[in-house]
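Each chain, letter by letter, is given below.
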Amino acid sequence: MAATLRIQSDWSRALSKDEGEAWLSCRSPGKATLYGSVTRRGLSSDGVPDIVASEGFVVGEVTKKSILISCPHENVSTKFLAPYTSFCRIHQKSITCLDISSGGGLGVSTSTDGTMKIWQAANGEIRRLLEGHVYDVNCCRFFPSGLVVLSGGMDAQLKIWSAEDASCVVTFKGHKGGILDTAIVDRGRNVLSCSRDGSARLWDCGKSACLGVIADCGSPVNGLAVGAADSSLNLGTPEKPPSEREVGTEGKILLLAREDKKLQGVGLQSRQPVFLFVGSDAFNCCTFLSSTYILAGTQDGNIYQLDVRNTNAPIQVIHRSGAPVLSLLPYQDGFIASQGN
């Protein structure tokens, strides 16, 4: 396990003035944590902050929006990026889920303050308050059009909203437990959901109906992802012809991140199991890197990279800290992970 270098979360604000100071820590499993600090002494002639580190740490490249810090004793270095902008007035408490529209103009987010809001991505101005779920809203995402939002809540309801007037245009009922994650198939005529009741369901938006239970796992399904499967993968054959209301399910594989430490692959159209991988702890999230490679994150901080063609052993297991891996997102040639620390 590699050492982890951290800097206090509001470091860019702490170093925004002369003599400003931010705290550092470097933790390596099985060893005592090293603590230190970085201090701003002023500005260089080109307006870049002059930053120095305490003993045991070294400051590398510094720009107006980033700082590279290393800990030679543990042979680790990390580049910390300042936020481009911060929106502090959208929610009063922790944000639990968010998404940005395909055009980048709007954001939607849910919070432990019990609200779901649509806002301008440019300035954080609140545009719409989406009200209708009972209890907490766990997940939200834009349809590809950027004009419609899909949400799932602890009330076991899945809802579709107009981003233009905040009206709820469709409500799906059928789950017997809180909905924990959703996915949209292709352009959005069908959507998927998973729940604390252990099931994953496929829904028809046009008819407001459930097209079928894709999997019934007997354990809460914390996250899901849908993607095109590698052509060499056997997705199985449907027991009966699929409904004409199913659009875009052929050749797709559904990933299910399960509470019982299992990551499952299911043929979306066939409803047949493709693989079952057992991890170190409950799986919280999963995503596709390609039609061949997938990622999944666990409650004990592991990120598994797997090849769907052979899931007997992971390609690699990444462990930066013991904090739960809460979400994963492909980005350029790699990925972004969020953890509970």
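Treat the numbers as computed from the prediction; the structure is a model and nothing was measured. (Residues numbered from 1 in each chain as written. Predicted model: local features only at pLDDT ≥ 70, side-chain atom pairs only at ≥ 80, totals over all residues. Heavy atoms only, no water.)

Observations concerning the sheet that holds strand β17 (residues 190–195)
At step 1: With antiparallel pairing, four strands are arranged side by side in an open sheet as β16-β17-β18-β19. Each having just a single partner strand, β16 (179–185) and β19 (209–216) make up the two edges of the open sheet. When the angles between neighbouring strand axes are averaged without regard to direction, this sheet yields 20 degrees.
At step 2: Bridge count for strand β18 (residues 199–204) against β19 is six bridges, and the pairing is antiparallel. Within the sheet, the bridge partner assigned to A200 lies in β19 and is A215. (Pairing = 2+ DSSP bridges. Helix = DSSP H or I, 4+ residues; strand = E, 2+ residues; numbered from the N terminus. Axes fitted to C-alpha atoms, helices over the stretch in contact; angles between N-to-C directions.)

Let's talk about the nonpolar core
At step 1: In this structure, V108, L130, F172 and V191 are the most contacted members of the largest nonpolar core, which totals 25 residues.
At step 2: Contributing elements (two or more residues each) for this core: β9 (106–111), β10 (116–120), β12 (137–142), β13 (148–153), β14 (157–162), β15 (168–173) and β16.
At step 3: Counting residues per element, this core draws most heavily on β12, which supplies four residues.
At step 4: Setting aside chain neighbours within four positions, we find F172 in contact with A156, Q157, L158, I160, V191, W203, D204, C205, S208 and A209.
At step 5: If you look at the next biggest cluster of nonpolar residues, it comprises 19 residues, including L24, C26, I67 and C71. (Core = buried A, V, L, I, M, F, W, Y, C linked by side-chain atoms within 4.5 Å. Buried < 20%, exposed > 50% of the residue type's maximum accessible area, 1.4 Å probe, protein only. Contact = heavy atoms within 4.5 Å.)

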